[in-house]
Amino acid sequence: MGCRRRAGTARLLRVSWGPDGLVVGPGIGRGAWLCAGSQRCFDLAVRTGRFPRALRAEVAGAELDALRTRLFG
Ligand SMILES: [Zn+2]
């Protein structure tokens, strides 16, 4: 989703909505896929507005900041 690089799902991580916000891992509903371990891919996806598009919902900047911290510290 971020860099549009094609990869098998084993090398991707899935972001979707959980009860308390964005979660990583298997989930129900719409998911956004990113290259596992790639902050560059994540940031590119944020900059280009792919999260709201993939999840078909507004995604607050604070949600994305929290997710970035969880994934990359
Ligand atoms: Zn990527």
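Computed from a predicted structure; not experimentally measured.

Calculation notes
Residues numbered from 1 in each chain as written. Predicted model: local features only at pLDDT ≥ 70, side-chain atom pairs only at ≥ 80, totals over all residues. Helix = DSSP H or I, 4+ residues; strand = E, 2+ residues; numbered from the N terminus. Buried ≥ 20, exposed ≤ 12 C-beta atoms within 10 Å, placed from the backbone. Contact = placed C-beta atoms within 7 Å. Core = buried A, V, L, I, M, F, W, Y, C linked by C-beta atoms within 7 Å. Pairing = 2+ DSSP bridges. Axes fitted to C-alpha atoms, helices over the stretch in contact; angles between N-to-C directions.

K.L.:
Explain the overall build of the chain to me, please; I cannot follow it from the model alone.
P.N.:
Of the regular secondary structure elements, the chain holds three helices and three strands. Counting from the amino terminus, helix and strand elements in the chain follow one another as β-β-β-α-α-α. The burial tally for the chain puts 18% of its 73 residues in the buried class. For the chain, restricting intrachain contacts to residue pairs at least 6 apart in sequence, the fraction spanning at least 24 positions comes to 47%.

K.L.:
I tried to follow unusual backbone geometry on my own but got confused; where do I start?
P.N.:
Residues other than glycine predominantly adopt negative phi, and peptide bonds predominantly adopt the trans conformation. Residues other than glycine seldom take positive phi values, yet Arg56 does so here, at roughly 55 degrees. With respect to the helices and strands, Arg56 occurs in the loop between helix H2 (50–55) and helix H3 (61–72).

K.L.:
How should I be thinking about the nonpolar core in this particular structure?
P.N.:
As a rule of thumb, soluble globular proteins bury nonpolar side chains together. Formed by Val15, Ala32, Leu34, Cys35, Cys41, Phe42, Ala45, Phe51, Val59 and Leu67, the largest nonpolar core amounts to 10 residues. If you list the elements that add at least two residues to this core, you get strand S3 (31–35) and helix H1 (39–47).

K.L.:
Is there a simple way to think about the sheet that holds strand S1 (residues 12–18) in this case?
P.N.:
Within a sheet, each strand pairs with its neighbour through backbone hydrogen bonds, oriented either parallel or antiparallel. Strand order in the open sheet formed by three strands is S2-S1-S3, with antiparallel pairing between adjacent strands. Strands at the two margins of the open sheet, each flanked by one partner only, are strand S2 (21–24) and S3. Direction aside, neighbouring strands of the sheet carry axes that sit 30 degrees apart on average. Relative to S3, S1 runs antiparallel, the two sharing five bridges. Looking at S3, one finds that Val15 is bridged to Ala32. Lying over the sheet, H3 contacts S1 and S2, oriented at roughly 30 degrees with respect to S2.

K.L.:
I would appreciate a short explanation of the environment of Arg40 in the present structure.
P.N.:
Considering the arrangement of structural elements, one finds Arg40 in helix H1. On the neighbour-count criterion, Arg40 (11 C-beta atoms within 10 Å) is exposed. Placed 37 residues apart in sequence, Arg40 and Cys3 show a C-alpha to C-alpha distance of 8.1 Å.

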